[in-house]
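Examination of the molecular architecture
So you can see what is in the structure, the chains are spelled out below.
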Amino acid sequence: MRNTTLQRIHLRRLLSLCIVAVVFALLAISCKPDDVIKQIIPSTDTLVIREGNYSVLTLTNNSDQLCFWNIDDGPWWIGCGCEDDCILPKGTIDIVFWGNIYDDFTEPIIGDFHINTSFGSVPITVICYPNLETLYEIPHELHFPLGVDSQRLTIENIGNVQLDYSVTSFSPAISISQTSGEVAVGLHANIGVTVDREAIRGDLETLYLNVTINGEINTVRLRVNME
């Protein structure tokens, strides 16, 4: 009888402990932990660089301890420089990054790297944009020998931005197949130019075209052999 009573007491204690454990577990699930304060705060998590220029990333040490840092496996096409390898408590440093691409490119390049610190790793995405260069080739003169009334004016886009062009004639004797348009990167546009020899006999001084490309005016002379 005594053993049965002791067994009942032990069972009640075990059930009580289980109930307490369950209550603490439920409390732990319902309570949200405080947000962890970042010790190292970057000025941005996406660094934007223009080829040939530089961009600055600022790191802030939000702790009361000295923080050491280094960059782990950055993209090959960026360089960086900073005189300090540590950040004072509550201090900041500036890391200068620059584009280090030597090949021609027309689209943005995206990569990522990590800044390893005494408090953990800080991921950074980096985007390098090519310099915007309006470059094109256009003839300075179109020649119309005897028997030839039409020639082709070619605008070739050799830069890395789209070209917007317009063609203006100052003589009613000159016909243009397309007076405006666009030329995508790496492509060209062919514009037909036709002259009326009978109509231009008294209009030789206006035998030229103004070709405006991205706001820049180019003069194309028309040399027409009359006889």
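In case you missed it, the structure is sitting above this.
Computed from a prediction, not measured in an experiment: that's the story for all the values here.

Reading guide: rules and limits
- Residues numbered from 1 in each chain as written.
- Predicted model: local features only at pLDDT ≥ 70, side-chain atom pairs only at ≥ 80, totals over all residues.
- Heavy atoms only, no water.
- Helix = DSSP H or I, 4+ residues; strand = E, 2+ residues; numbered from the N terminus.
- Buried < 20%, exposed > 50% of the residue type's maximum accessible area, 1.4 Å probe, protein only.
- Contact = heavy atoms within 4.5 Å.
- Areas by Shrake-Rupley, 256 points an atom, 1.4 Å probe, with all protein chains shown as cover.
- Polar contact = N/O pair within 3.5 Å; in protein donor to acceptor, adjacent residues only side chain to side chain.
- Salt bridge = Lys/Arg side-chain N within 4 Å of Asp/Glu carboxyl O.
- Pairing = 2+ DSSP bridges.
- Core = buried A, V, L, I, M, F, W, Y, C linked by side-chain atoms within 4.5 Å.

**Considerations on the overall build of the protein**
The helix and strand inventory of the protein stands at one helix and 18 strands. Counting over 227 residues, the protein shows a buried share of 29%. Across the protein, every contact between residues at least 6 apart in sequence was considered, and the portion connecting residues at least 24 apart equals 61%. Surface summary for the protein: the accessible area is close to 14,800 Å², and the carbon and sulfur share equals 53%.

**Let's talk about the environment of C86**
Here C86 lies in strand β6 (residues 86-87). For the pair C86 and L66, spaced 20 residues apart in sequence, the C-alpha separation works out to 6.9 Å. Residues contacting C86, with those up to four places away along its chain left out, are L66, C67, F68, W69 and I93.

**So, the side chain of N210**
Position of N210 among the secondary structure elements: in strand β17 (residues 208-213). Within the structure, N210 has its side chain in polar contact with the side chain of T219 (distance 3.4 Å).

**Here we look at the pattern of salt bridges**
Applying the stated criterion across every chain, the model contains four salt bridges. We note a salt bridge from K90 to D64, for which the minimum N-O separation is 4.0 Å. With K90 in the loop between β6 and β7 (92-99) and D64 in the loop between β3 (54-61) and β4 (67-72), this pair connects stretches of sequence that are 26 residues apart. The exposed category is assigned to D64, whose relative accessible area is 65%. A salt bridge links D149 to R197; the shortest N-O distance between them is 2.5 Å. Of the two residues, D149 sits in the loop between β11 (141-144) and β12 (150-157) while R197 sits in the loop between β16 (188-195) and β17, which places them 48 residues apart along the sequence. Judged by its relative accessible area of 37%, D149 falls in the partly exposed class. Salt bridges sharing common partners tie together E141, R221 and R223.

**Focus on the pairing of β16**
Residue alternation in β16 divides its side chains into a buried set, A189, I191, V193 and V195, and an unburied set, H188, N190, G192 and T194. Here β12 runs beside β16; their pairing, made up of seven bridges, is antiparallel. Residue pairing in the sheet places E156 in a bridge with H188 of β16. Here strand β14 (residues 174-176) runs beside β16; their pairing, made up of three bridges, is antiparallel. In the sheet register, I174 faces β16, and the bridge partner there is V195.

**Comments concerning the nonpolar core**
Ranked by size, the top nonpolar core spans 24 residues in total, and within it L153, I155, L209, V211 and L222 carry the most contacts. When contributions to this core are tallied by element, the ones reaching two or more residues are β11, β12, β13 (163-169), β16, β17 and β18 (216-224). Looking at which element gives the most residues to this core, the answer is β16, with four residues. Contacts of L222, omitting those with residues within four sequence positions, involve L142, F144, I174, V193, V195, L207, Y208 and L209. Formed by 21 residues, the second largest nonpolar core is a distinct cluster that contains I49, I78, I87 and F113.

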